[in-house]
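In case you want the letters, here they are:
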Amino acid sequence: MEGTTSPAAPLEPSHTYTNNRGYDDSINQEIPRTLATAGSDSLPAAEEDDSDFDDIFEDDDYDEGLDPNGEPDLSRNYNRQKPLHSNQQKPAANTISNVDDQISALSKHAAKIRLDDVKDTQSRDKDKADRATSEQVLDQRTRMILYQLINRGVISEVHGAISTGKEANVYGALTYNDDGTKLHRAVKVYKTAILSFKDRERYITGEHRFKSGADKGNNRKMVKLWAEKEFRNLRRIHSAGIACPEPIQLKIHVLVMAFLGDRRGWAYPRLRDANIPTEESEQIWRGLYIQLLGMMRRMYQICKLVHADLSEYNILYHDKQLYIIDVSQSVEHDHPRSSEFLRMDIKNTGDFFRRQGVDTLADRVIFNFITSPAGPVEEPALKESIENLYATRSESATDEQAVAEQEVDNEVFRQQYIPQTLEQVYDIEKDAERIGHGEGDKLVYRNLLADQVVLPKNAEDTKEEDQSDEGAALDSSDDSDDDSDDESRFLKGPPRGKRFEDKEEKKQRKQAAKEEKTEKRKEKMPKHLKKRLVAATSRKKK
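Because the structure is predicted, anything quoted here is derived from the model rather than measured. (Residues numbered from 1 in each chain as written. Predicted model: local features only at pLDDT ≥ 70, side-chain atom pairs only at ≥ 80, totals over all residues. Heavy atoms only, no water.)

1. Points about the overall build of the protein chain
To keep it simple, the criterion reads: Here a strand is any run of E in DSSP of at least two residues, a helix any run of H or I of at least four, and the numbering for each starts at the N terminus. Here the term buried applies to any residue with accessible area under 20% of the maximum for its type, exposed to any over 50%, and partly exposed to those in between, with areas from a 1.4 Å probe on protein chains only. Residue contacts are defined here by distance: any two heavy atoms, one from each residue, within 4.5 Å place the two residues in contact. To measure how exposed things are, a 1.4 Å probe is used in the Shrake-Rupley method; for residues, cover is taken only from the protein chains shown.
The secondary structure content of the protein chain amounts to 19 helices and 11 strands. By the burial criterion, 34% of the 542 residues in the protein chain qualify as buried. A fraction of 63% describes how many contacts in the protein chain between residues 6 or more apart in sequence connect residues 24 or more apart. Of the accessible surface of the protein chain, which amounts to about 35800 Å², a share of 49% is contributed by carbon and sulfur atoms.

Structure (structure tokens):
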């Protein structure tokens, strides 16, 4: 019985495979060539075509086995560990082995990510915060994105952190030109595993790029939209000629930008940490204040953006030049809360420059200057218009009492309700009465109204307009100026139509109609004569 062969022997495979162990080498067997060379053939293909690496990042819903509350998702982890059925057919492309080959191909760049690397002339001191930052941001998925950027030549190396923030970390990077010279880059990596920036709701509500609503249960999708928003804002600001880092490439939640710093890799300091010479401090600080007001106006008028988080921490300084950074939370100028964000930016920047001894303008004046559509938006006319604001200010504005009144006015203005459209005006009758008294220029939403409505008109201007209008003069007598102001010409006349006539008027109209018909009958040709004439003319034609 033992020597008999099984009837199924011809159908059995010629090789023996053990799960998790591979082919059994102790048995002399023939391994199929397609299975034996699968790993060696797939690796060069993955190296040649970088587009195949996108398969690794297709599943954006992957959140490392965490539920929306940040707790481990036991059901998902259990289902992930369940073995596949033996008779299940596998897809021809993007198999597990293919993905593993792609990962192994990208992992050759692992040595180029040196977060503990130091710059020239910098000591090698490690801090616990650097390791914590690495754990928060550079998870396995983020590292694979960095490997892909290195593989495509966008960057060559990734070095230590330049700055750490509540929503992202910025790392220094290097790339090499064709001639071998080094070129510094900045890589901004948004935090996905730990979201410490949780007040994004007020920036998202009303934003057209989040019309479908943010998926609060999926952190990665929300961070991806947030990164795309900053990439587009930076492109818009950079194309307008405003000093900011140039965006280069975006991959999910990793943004590559131009580096704002020197050749050795040292980033420009923040405005808060700027080293201003003491002998020129007053003049330089005032120039920077005027420069910043111009940049805010250009962002609003040209880019149609409000920074929404502008302060001395989000502005870089180098050689009397300011650079705007961190525009991920910037909103459109028609955002429901854009006026609130703009007033917040004016307050933060004004408070900083006042601490530096700069004579700042009132918040209300700056707000009107930024939002007013009339006026220049390019230098040097922009700087001259700001100087005119200082010149037109009252002379008593520098007194202590005037300064105190200005602080009170600033606080009132910061808490004041500003409608975005005329439909949001709270008391339109009261405002219309103010416009009638010539106080339209004092309305907080005066930029929404036409100049003819806002600007007060005196009697002389009205008289000149009446004289210049050809259709306004009803007669050429000497009393035309007096008649132009008479409101009787705007009154409605008597209604027209037969049904609005008086009895006497109706009687006279009918009598006149009868007399007119009687006169026509006297000259009318009799019918018998008309028929005889018609018959005679018809016989002649025959």
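2. Description of the sheet that holds strand 3 (residues 157-164)
Here is the rule we go by: Note on pairing: DSSP must find at least two bridges between two strands before they are called paired. For helices, the fitted axis covers only the stretch in contact; all axes are lines through C-alpha atoms, and the angles between them, taken along N-to-C directions, range from 0 to 180 degrees.
One open sheet holds the 5 strands; their spatial order is 3-4-5-7-6, and the pairing between them is antiparallel. In this open sheet, the two edge strands, each paired with only one partner strand, are strand 3 and strand 6 (247-251). If you compare each strand with its neighbour and ignore which way they point, the axes differ by 25° on average. When strand 3 meets strand 4 (residues 168-176), the two strands line up antiparallel, connected through 5 bridges. Within the sheet, the bridge partner assigned to Val-158 lies in strand 4 and is Ala-173. In the packing of helix 6 (residues 140-151) onto the sheet, contacts are made with strand 3, strand 5 (182-190), strand 6 and strand 7 (254-258), and the angle to strand 7 comes to roughly 45°.

3. Some thoughts on the packing of helix 9 (residues 281-301) against helix 11 (residues 363-371)
Two numbers describe a pair of packed helices, the interaxial angle and the distance between the axes. This is how it is decided: Each angle is binned into one of four classes, with values under 35 degrees roughly parallel, values over 145 roughly antiparallel, values of 65 to 115 roughly perpendicular, and all other values oblique. Each residue receives one of three labels: charged for Asp, Glu, Lys and Arg, nonpolar for Ala, Val, Leu, Ile, Met, Phe, Trp, Tyr, Cys and Pro, and polar for the others, Gly being one of them.
In the contact formed by helix 9 and helix 11, the axes pass within 8 Å of each other and the chain directions differ by 45°. For the element pair helix 9 / helix 11, the angle class is oblique. In contact with Tyr-289, Leu-293, Met-296, Arg-297, Tyr-300 and Gln-301 of helix 9, helix 11 contributes Ile-366, Phe-369, Ile-370 and Thr-371. Here the residues of the contact of helix 9 with helix 11 sort into 7 nonpolar, 2 polar and 1 charged.

4. Digging into the side chain of Glu-332
This is how the line gets drawn: In the analysis that follows, any N or O atom pair within 3.5 Å is treated as a polar contact, provided that within protein one partner can donate a hydrogen and the other can accept it, and provided that, for residues neighboring in sequence, both atoms belong to side chains.
Among the secondary structure elements, Glu-332 is positioned in strand 11 (residues 331-332). With relative accessibility at 10%, the residue Glu-332 sits in the buried group. Within the local environment of Glu-332, its side chain forms a polar contact with the side chain of Arg-236, the two groups lying 3.0 Å apart.

5. Quick notes on the pattern of salt bridges
Short version of the rule: Each reported salt bridge corresponds to a side-chain nitrogen of Lys or Arg within 4 Å of a carboxyl oxygen of Asp or Glu.
Evaluated as defined, the whole model comprises 16 salt bridges. In this structure, Glu-378 and Arg-298 form a salt bridge, with 3.5 Å as the shortest nitrogen-oxygen distance. Here Arg-298 lies in helix 9 and Glu-378 lies in the loop between helix 11 and helix 12 (381-391), a separation of 80 residues in the sequence. Glu-312 serves as the salt-bridge partner of Arg-355, at 3.4 Å between the closest nitrogen and oxygen.

6. Observations concerning the environment of Gln-406
Turning to its location among the elements, Gln-406 is positioned in helix 13 (residues 400-415). On the accessibility criterion, Gln-406 (19% relative accessible area) is buried. Sequence separation between Gln-406 and Leu-361 is 45 residues, and the spatial gap between their C-alpha atoms is 9.1 Å. Beyond its immediate sequence surroundings of up to four residues, Gln-406 is in contact with Thr-360, Leu-361 and Ala-362.

7. Structural notes on the layout of surface pockets
Which parts of space are left empty comes out when a probe the size of a water molecule is rolled across the atoms. Put simply, the test is: With a 1 Å grid laid over protein atoms only, a set of points is called a cavity when a 1.4 Å probe fits there but cannot get out and a pocket when it is open yet has protein on both sides within 12 Å along at least five of seven lines; lining residues have an atom within 4 Å of a point. Grid points are joined across faces, edges and corners, and a volume is the space filled by probe spheres set on the points.
Within this model, the second largest pocket holds a volume of roughly 830 Å³. If you go around the second largest pocket, you meet 32 residues; those closest to its centre are Ile-162, Ser-163, Val-170, Leu-316 and Ile-325. For the lining of the second largest pocket, the secondary-structure elements that each account for two or more residues are strand 3, strand 4, strand 5, helix 8 (219-239) and strand 7. For the lining of the second largest pocket, the element with the highest residue contribution is strand 3, accounting for 4 residues. Residues that form the lining of the second largest pocket fall into these classes: 18 nonpolar, 6 polar and 8 charged.

8. A closer look at the state of the cysteines
This is how the line gets drawn: A pair of cysteine sulfur atoms is labelled a disulfide when the two atoms are within 2.5 Å.
For the structure shown, the criterion picks out 0 disulfides. With no disulfide partner, Cys-244 has as its closest neighbouring cysteine sulfur the one in Cys-303, 8.3 Å distant. Cys-244 gets classed as buried once you look at its relative accessible area, which sits at 8%. Judged by relative accessible area, which is 2%, Cys-303 ranks as buried.

9. Some remarks on a positive patch on the surface
Just so we agree on the cut-off: Grouping into patches uses exposed residues only, defined as over 30% relative accessible area, and leaves out salt-bridged ones; the cut-off is 9 Å for like charges and 5 Å for nonpolar side chains (Val, Leu, Ile, Met, Phe, Trp, Tyr). For the purpose of counting charges, residues Lys and Arg are taken to be positive, whereas Asp and Glu are taken to be negative. His and the chain ends are not included. For charged residues, the charge sits on one atom: NZ in Lys, CZ in Arg, CG in Asp, CD in Glu.
A cluster of like positive charges, contributed by Lys-517, Lys-520, Arg-521, Lys-524, Lys-527, Lys-530 and Lys-531, occupies part of the molecular surface. Going through the elements one at a time, helix 18 (503-522) and helix 19 (527-541) are the ones with two or more residues in the positive patch. By the secondary structure assignment, Lys-520 is in helix 18. Taking relative accessible area as the criterion, Lys-520 reaches 57% and is therefore assigned exposed.

10. Quick notes on empty space enclosed by the protein
Scanning the model with the defined rule gives 2 cavities of 30 Å³ or more in all. Each pocket or cavity is described by its volume, and for the largest cavity that value is around 60 Å³. What lines the largest cavity is simply Met-296, Met-299, Tyr-300, Leu-305, Val-306, His-307, Leu-310, Leu-342, Asp-345 and Ile-370. Those elements giving two or more residues to the lining of the largest cavity turn out to be helix 9, strand 8 (305-306) and helix 10 (338-355). Among the elements that take part in the lining of the largest cavity, helix 9 stands out by supplying 3 residues, more than any other. Tallied by class, the residues present in the lining of the largest cavity amount to 8 nonpolar, 1 polar and 1 charged.

11. As for a nonpolar patch on the surface
Taken together, the side chains of Met-525, Leu-529 and Leu-533 define a hydrophobic patch exposed on the protein surface, amounting to about 280 Å² of accessible area. Examined against the element boundaries, Met-525 turns out to sit in the loop between helix 18 and helix 19. For Met-525, a relative accessible area of 46% puts it in the partly exposed group.

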